[in-house]
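Residue-level structure breakdown
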Amino acid sequence: MLSAEEYLKPEVVREIARLDLRAQFIVKGFLQGMHSSPFQGFSVEFSEHRKYSAGDDPHDIDWLVYAKTDKYYVKKFEAETNITGYLVMDLSRSMGYTYRQNLTKFDYGICLAAALCYLMVHQQDPVGLITFDEKIRNCLPPRSKRTQLGNILSLLTKLRPTGKTEIAKSIIQVAAMLRHRSLVMIFSDLLADPEPVLQALRRLRHRGHDVILFHILDEAEVKFPFDGVVEFEEPESQERMKVDADGFKSDYIAEVNRFRETYRRECFQSGIDYVPIDTSMRFDRALTGYLLSRRSRC
Amino acid sequence: MEFVNPAILFGAGLAAIPVVLHLIMRQQPKLLEFPALRFLQSRQQSNRRRMKLRHWILLALRVLAICLLAMALARPSIRAAGMLGDSEAPTAAALIFDTSPRMAYRTENKTRLEVAQDISRWLLPRLPAESSIAVIDANPGDPVFQIDQSTALQRIDRLDTSGAGRPIVELLEGALRLLKESTLVRKEVYIFTDLSQPAWQVDSPDRLQKQLAELKGIGVYVIDVGVTDPKNLSLDELQLSGQMLARNSPLRVATALNSEGMAGKFLVELSLIDAAGQPEKRGEETVEIAPGESKSIDFPLITGLTEGTHQGTVRFVGEDSLAIDNTRYFTVQVKPPWKVLVAAGAPVEDRAENFTQALAPTEFRRNGQARYTFDVIPFAELAKRNIEDYAAICLLDPPALEDATWQRLGDFARAGGGVGIFLGPAATLQGMNTPAAQELLPGELDHQASNPDGVVSMSTRDDQHAMLAKFRSRRGQVPWEEFPIYRWWQFKNLHDGVAVALPMVNDRPAVLERPFGKGRVVTMTTPVSELSDVSDNNRWNQLWGIGSWPFFTLTNEMMLYLVGSTEGQLNYAAGQPAVLHIDPNRRFSTVLVSTPRGESLRSSPNQLNDVQVTATGSPGNYRVRAGGDTDGVNLGFSANLSSEASRLNRVNPDRLTEVFGDLPFRLAKNKDEIDRNVSLDRVGRELFPLLIALVAILLAVEHLLANRFYREPAPSAAPAGAAAARS
């Protein structure tokens, strides 16, 4: 029998057909792991507390927390603890790629989004869904009811990555669309010119939104496990290129790393959380990224 | 640099294979979908440059590895002084043994040959494995490499001295020809010799030096197995008064005893072998000799020899270190007196008197010791006379003869007889220049020449002809000038094949010889039949006279030559083929030859009824028999070492330098010296190990570089918790 943490592995989750169950198992696996993680004692309950500061009413001190941690925490008002989240999913054709993994980038992103949705709904955070390729295609307004999970999952299961990519334009659209300060979680492979995308992200950030950028690449796009002479074809533009894969590997990986480093640096400077993922990684890595972001707001 | 397998160098052409493979066999690419193509495109240019350089480096390494491998398999080697040599490389070695009789010299209970054999048995296992070894001695035949070391050892064990030695230089030339055929790079020659002078005789060493120069780097080792101070007594070649003797003719045997390092009184015995094969002493001489001296020995005349073949020995009684030269052997054949027909002008007896007396004095005829019996006739009877039974016919001052007579004389000579023509005043140009006369005469008569002052005489300064053998020992001392020639016949041109046997001091021919079929014609240009009362003005010569021993000797030798006694050689040098004539009327299909070693060989006479025996390497008396004891033939001959064969005086070291020229050789006397010399010389390095090591290094470098060029880079550490950094 699989332990809950096994459901953090993509190859295991893949065996679960239903997306809602996938989400549930991922979350449970994540939470299970939390007990032995550096985050021990830092549960989602703590998202409802903040540190005691001068001027707070001592009656609001949570003495149970004090007994556990020897520190003074007061409970937050409910209003203080809720954040509105938007799951922004890239539907471009490149997201439907995998070389040899169990899940395509899109499937991985969906599982991740579903798990995050499950987590947020469980914490009574409103969560919505926006999908895009060349422009925004779908939009589900954020709700905190448990039925929102079903709505989002229902839409996610119907989605197919087929279009061309216009990430920057789509993010700008999202920025224009959002009225209130939100947590925008973007799921994309970012296979476009970085500068427009970064500008769009800065604009989103400039409007006061918190942004988590889940940069999902296929394992092959990160590790380049090819050999011999290979002719590669870009699925969206149909461009082709013949390379000696063995000789190109180090150059390619250097370029990918440089690309990721660019995003990491720029996102850091812009206050955007950048989570680089490849489809061979366990889901807890992405979820931890969400969790840290969540904590920072408390 | 030398190569053992130069043909393998062509394998370097295989270095083209990686290039061809690269050009022809380009891999067909597989087509894959890959969304992240932009990352490849951005690095395409720089990657292409770098990959090209890496490909060139790897290609160069692979090509170089193949070339070096081909070179290594070609087994190159270089020689350089001071380098540590690969002493284990196989060697083509020729071991040359001097097996002349001198090598039987015994000291400390070992002959020189046995010492050489011991050293070679020690040397052979020290030759590198898989060496080719040839063992060469004086036996006839081309040298060959032995199958393996044990066969070479057996060959060495079977070595034996032989009477027929061959000069070392001749053996060495044969060895060099063999070594040239070998594909082994290292070549060595070991010469086992006593360094005696006869062994190192060579007229011109140029050919040897050229052969040595062609074999670059060959090691030549002269192993001295001789003794520095040899002591030996030896007997010189025998001098016999004749090999073919007339019945009752005495036999004179003379020799000399030579001493190298020995002194004292020594007894020398002369023996004849009787019918039972036992020696019968017929003379002895005691000789007192000092070191380095040579003393002549003249035995008393042996008389009473019956008709047939007689063999004997002369030996020094005692022992010395080299026994083989202590005994000499001889064979003579005693025949009935030769019948000679003498034709002269009137008065016949008077004209033939001097001539026949010189050849067979009255006293000898009376005692039955005369070699010849004469029938003296006038020229007129010559045409009718039956001449087949004579051994020779002499014409003393012949006039013109009938053509038929000349033809009869020609037939006689052609059948094996001898014709002597002594020209004188009776000859005329017309009579002697007829075609029939010219068939026998040496040339056309031109004129009578004269020198009345008496300063012309015969001259034996050039005494090579068989008729002049007796004068050789007195060269320069024959007083021909006391017996002048006043008149002689001169010829216009000499016919082909005519030789001047004896000239005069003015270089005009005095005696000419013309081979004629099986026989010969000897012509003298001045007469031997002048009467004693001829006036001085008319006299042709003063050949006869008191004390005229030179002409007496010449006449005897001429007659022996005419009757063919000098042809019957019965005494040979060891190794020289012997030829015995059997009477043409006695035919046998095979004859039995008994050797001094006790072996019996069968031989068959040829068409001329001659028996040739080539196995004469052992000194001693040989017997040739056929047809049984009563009605058969019983002939014999003797083989002796040459005097030089036992001369032990050593060569000067400079002589070796003359023989080898500029080419280096090493001289050794014992095993330590041989070891040192050979170790010194075995320089030169086969490069195979070095090249193979280089190939291995190259392949390792290629492997490392290929792995480095194509290694998988470490996956980038995804910065987990990037948000933690922000917070």
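Reading guide: rules and limits
- Residues numbered from 1 in each chain as written.
- Chains lettered and ligands numbered in written order.
- Predicted model: local features only at pLDDT ≥ 70, side-chain atom pairs only at ≥ 80, totals over all residues.
- Heavy atoms only, no water.
- Helix = DSSP H or I, 4+ residues; strand = E, 2+ residues; numbered from the N terminus.
- Pairing = 2+ DSSP bridges.
- Axes fitted to C-alpha atoms, helices over the stretch in contact; angles between N-to-C directions.
- Core = buried A, V, L, I, M, F, W, Y, C linked by side-chain atoms within 4.5 Å.
- Buried < 20%, exposed > 50% of the residue type's maximum accessible area, 1.4 Å probe, protein only.
- Contact = heavy atoms within 4.5 Å.
- Polar contact = N/O pair within 3.5 Å; in protein donor to acceptor, adjacent residues only side chain to side chain.
- Salt bridge = Lys/Arg side-chain N within 4 Å of Asp/Glu carboxyl O.
- Arc of directions from axis to C-beta.
- Parallel < 35°, antiparallel > 145°, perpendicular 65-115°, else oblique.
- Nonpolar A, V, L, I, M, F, W, Y, C, P; charged D, E, K, R; others polar.
- Phe/Tyr/Trp six-rings, centres within 6.5 Å; stacked < 30°, edge-to-face > 60°.
- pLDDT = per-residue confidence, 0-100.

Before going further, it helps to examine unusual backbone geometry. Trans peptide bonds make up the majority, and among non-glycine residues the majority have a negative phi. Residue and element names in this part refer to chain B. Geometrically, the link from Ala346 to Pro347 is a cis peptide bond, its omega value of -10 degrees lying close to zero. Residue placement: Pro347 occurs in the loop between strand 19 (338-344) and helix 8 (348-359). Positive phi is not limited to glycine here, since Glu130 has a value of about 65 degrees. For Glu130, the position within the fold is in the loop between helix 4 (112-123) and strand 7 (132-136).

A few words now on the sheet that holds strand 9 (residues 219-224) of chain B. Residue and element names in this part refer to chain B. Pairing is parallel in the open sheet, where five strands are placed in the order 7-4-8-9-35. Each end of this open sheet is capped by a strand with a single partner; those strands are strand 7 and strand 35 (666-668). On average, each strand axis in the sheet is tilted by 20 degrees relative to the strand beside it, whichever way the strands run. With three bridges joining them, strand 9 and strand 35 adopt parallel strand pairing. By the bridge assignment for strand 35, Tyr221 is matched with Arg666.

All right, on to the nonpolar core then. Residues Leu201, Phe224, Phe226, Phe232, Tyr252 and Tyr263 of chain A are the most contacted members of the largest nonpolar core, which totals 49 residues. Considering every element that reaches this core, the biggest residue donor is helix 10 (residues 245-270) of chain A, with eight residues. If near-sequence neighbours (up to four positions away) are discounted, Leu201 of chain A is found in contact with Ile171, Ile186, Val211, Leu213, Tyr263 and Ile272 of chain A. Counting 48 residues, the second-largest nonpolar core is a separate cluster that includes Phe355, Ala391, Met458 and Met504 of chain B.

So, on to the side chain of Gln490 of chain B. Residue and element names in this part refer to chain B. Considering the arrangement of structural elements, one finds Gln490 in strand 24 (residues 487-494). In this structure the side chain of Gln490 is engaged in a polar contact, spanning 3.3 Å, whose partner is the side chain of Trp488. In contact with Gln490, not counting residues within four places along its chain, are Glu444, Leu445, Asp446, His447, Ala449 and Arg508.

All right, on to the pattern of salt bridges then. All names here are of chain B. According to the stated counting rule, one finds 45 salt bridges over all chains in the structure shown. In this structure, Arg62 engages Glu702 in a salt bridge whose closest nitrogen and oxygen atoms are separated by 2.6 Å. Pair noted here: Arg62 is in helix 3 (residues 44-73) and Glu702 is in helix 16 (residues 688-709), with a separation of 640 residues, a long-range link. Of the residues examined, Arg62 reaches a relative accessible area of 36% and is grouped as partly exposed. One salt bridge connects Arg207 with Glu173, and the closest N-O pair in it is separated by 2.8 Å. Here Arg207, found in helix 7 (residues 206-214), pairs with Glu173, found in helix 6 (residues 168-181); they are 34 residues apart in sequence, far enough to count as distant. For Arg207, a relative accessible area of 56% gives the class exposed. Given a relative accessible area of 6%, Glu173 falls into the buried group.

Turning next to helix 14 (residues 653-660) of chain B. All names here are of chain B. Among the residues of helix 14, Leu656, Val659 and Phe660 are the ones counted as buried. The arc enclosing the buried residues of helix 14, seen along the axis, measures out at 85 degrees, which places them on a common side. In this fold, the buried residues of helix 14 make contact with helix 6, strand 8 (186-193), helix 7, strand 9 and strand 35. Phi turns positive one or two residues past the end of helix 14, at Gly661, with a value near 70 degrees.

The subject of this paragraph is the packing of helix 8 of chain B against helix 13 (residues 549-563) of chain B. All names here are of chain B. Where helix 8 meets helix 13, the axes come as close as 9 Å, and the angle between the chain directions of the two elements is 80 degrees. Between helix 8 and helix 13, the angle is such that the two are roughly perpendicular. Within the contact between the two elements, helix 8 uses Phe355, Ala358 and Leu359 and helix 13 uses Phe552, Thr555, Asn556 and Met559. When the residues that make up the contact of helix 8 with helix 13 are grouped by side-chain class, the tally is five nonpolar, two polar and no charged.

All names here are of chain B. What the five strands build is an open sheet, ordered 12-18-17-14-15; its pairing is mixed. Strands at the two margins of the open sheet, each flanked by one partner only, are strand 12 (244-246) and strand 15 (279-289). Here the average twist between neighbouring strands, direction ignored, is 25 degrees. Pairing of strand 17 (residues 308-317) with strand 18 (residues 327-335), which is carried by eight bridges, proceeds in the antiparallel orientation. The residue bridging Gly308 from the neighbouring strand is Val334, located in strand 18.

This part covers the packing of aromatic side chains. Remark: the centre distance and the inter-plane angle together describe each pair of aromatic rings, the angle taken between the planes. In total, this model carries 33 aromatic pairs over all chains according to the counting rule given. Ring geometry for Phe224 of chain A against Phe232 of chain A: centres 5.6 Å apart, planes inclined by 55 degrees, an arrangement best described as tilted. As far as the burial class goes, Phe224 of chain A and Phe232 of chain A line up, both buried. Seen in terms of ring centroids, Trp489 of chain B and Trp540 of chain B are 6.3 Å apart; in terms of plane orientation they differ by 40 degrees. Their pairing is tilted.

All names here are of chain B. Taken residue by residue, chain B gives an average pLDDT of 85. The fraction at 70 or more is 93%. Segment residues 715-727 is flagged for pLDDT under 50; beyond a separation of four residues in sequence, or across chains, it makes 23 contacts in the model. On the interface metric, ipTM, the complex scores 0.80, and its pTM is 0.53.

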